[in-house]
Amino acid sequence: MRNTFWRVFLLLAAFGGCPCVAAQQPAPPSGPSAPQVWTWDNVKGKFEQNNTTLLAGFLNIDELKAEEITAHLRPNPDFTLSADGTQITPSHGVWQPFAGTFISPGISYLFERRNKRGLRFQSAKQGTAIGMAQQADLERNLLFNLRSAFVGVLQAKAVLRLAQDNLDYYDKVLKISRDRFQAGDIARIDLDRLELQRLQFESDYQSALVNLRTTKINLLALLDDRRPVDSFDVEGPYDFTEDLLALDDLRKDALDARPDLRAALLSVKQAETNYQLAEANGSTDPTVSAWYTHNGSFNNPDALNTLGVSVSVPLRVFDHNQGEKLRTKIDIKRNEKLRQGVETQVYSDVDSAYAILISNLNLLQPYKRQYLDQALRVRDTVFFSYQHGGTALLDFLNAESEYRTVQLSYVNLVGAYLTAAAQMNLAVGREVIQ
């Protein structure tokens, strides 16, 4: 009876609280050496400010806007200055080379017909809109990589907390077991096996530390930030939600929000504009010229100052821009096929992401509802029974291993769910799951 009370006292003293996955992380140290803590909004803001790939894409949009200016320019007028009437050889013994020289300035201008300039400008503006949609699509994909890296850090922190909790719990088990050994309640071989088993928990803890540093390094690389790894930390909810939109609603949102689909639609419109421009380029554009001369006219010797005007119209007998007309007409069909392919890909992406989300939820729900509590209850019950001689040491070690496996599987499943949620946001084109 005395040994029984002693064992119960040790158990209550050692296990005043039970470790669990959702335990709060210890408060970070304060002071100048405390790491800077970033939320998802902070990480996203730093990414948009620092990521070189994203910033280079914005410069490409500026280039496209500059091309709009070029496309909207009018043709430049041509200025000519001609000299005529210079005598180059003597005639009848008379040679006055510059006596009859006259200079004639002139100007000409090409008049574009059938709204060529307007169509060029419209095509350039559509090209800018396509570039902006492609930039949004680039940001969508980069944000998915960033979100996955952010979730990776949260997952590594959760695994580290679990490894620390397991190590702390097992250290309490070893303390009780050493006290029992000193009291002659267990054999030396059992204590040795228990102490050897600690190596697994220490290994898990060290691996979790390395993994956390690695995931932080990956996150900093995406942010193009060269600060030390230990100078920052991230925080955010590491859990799952069962509230999901219906698949049909997600499909509709994707059709409205996906920037790659918007770029494909704009490409079709630009191809149609380019076809209209090719048709217009097949028409003739007259060039009107005018010039002034200070010279006597043969028809009117008294007219010393004369003005001449001409109109030049190209005769498009052979070249009607047939090749460009055909090419742009085919390009409309090509872009339409590409648009259909992107739309099919949108449906495929949403359906695949939704299936992964549902699969993760189907696994997470029984874990949270049943398996986590069961694993904890089995471990504590078997340990209590082992302390009282009701089960063998191997049974306790198996129960401890099963508890560790269940808890780690749950942590990894939450990480897989959050990654799948990021995949769904990528598929839809906006954050439908926070």
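Residues numbered from 1 in each chain as written. Predicted model: local features only at pLDDT ≥ 70, side-chain atom pairs only at ≥ 80, totals over all residues. Heavy atoms only, no water.

Visitor: Explain the nonpolar core here, please?
Guide: The nonpolar side chains of a soluble globular protein tend to be buried with one another. Counting residues in each nonpolar core, the largest one holds 71 residues, and the members touching the most others are Val 43, Leu 219, Val 234, Phe 396 and Met 424. Residue assignment for this core shows that the elements contributing at least two residues are helix 2 (40–50), helix 4 (116–182), helix 5 (188–222), strand 4 (232–234), helix 6 (247–257), helix 8 (322–387) and helix 9 (393–428). The greatest single-element share of this core, amounting to 19 residues, is contributed by helix 4. With residues near it in sequence (within four places) discarded, Leu 219 still touches Val 43, Leu 146, Ala 149, Phe 150, Val 153, Phe 232 and Val 234. (Core = buried A, V, L, I, M, F, W, Y, C linked by side-chain atoms within 4.5 Å. Buried < 20%, exposed > 50% of the residue type's maximum accessible area, 1.4 Å probe, protein only. Helix = DSSP H or I, 4+ residues; strand = E, 2+ residues; numbered from the N terminus. Contact = heavy atoms within 4.5 Å.)

Visitor: Help me understand helix 2 in this model?
Guide: Given 3.6 residues per helical turn, the α-helix brings residues three or four places apart onto the same face. Trp 40, Val 43 and Phe 47 are the residues of helix 2 that are buried. Axial view of helix 2: buried residues confined to an arc of 65°, hence all on one face. Exposed positions of helix 2 whose direction lies more than 90 degrees from the buried face are Asp 41 and Gln 49. The inward-facing, buried residues of helix 2 abut strand 1 (36–38), helix 3 (52–71), helix 4, helix 5 and strand 4. (Arc of directions from axis to C-beta.)

Visitor: Got a minute to help me understand the pattern of salt bridges in this structure?
Guide: It is possible for side chains of opposite charge to pair when their charged atoms get near one another. On inspection of all chains with the given rule, the structure shows 28 salt bridges. Close ionic contact of Glu 112 with Arg 120 constitutes a salt bridge, the shortest N to O distance being 3.0 Å. Taking relative accessible area as the criterion, Glu 112 reaches 29% and is therefore assigned partly exposed. Judged by relative accessible area, which is 25%, Arg 120 ranks as partly exposed. The partner of Lys 325 in a salt bridge is Glu 279, with the nearest N and O atoms 3.8 Å apart. Here Lys 325 is found in helix 8, whereas its partner Glu 279 is found in helix 7 (residues 259–281), with 46 residues between them in sequence. Sharing partners across several salt bridges, the network here consists of Asp 137, Arg 140, Arg 258, Asp 260 and Asp 349. (Salt bridge = Lys/Arg side-chain N within 4 Å of Asp/Glu carboxyl O.)

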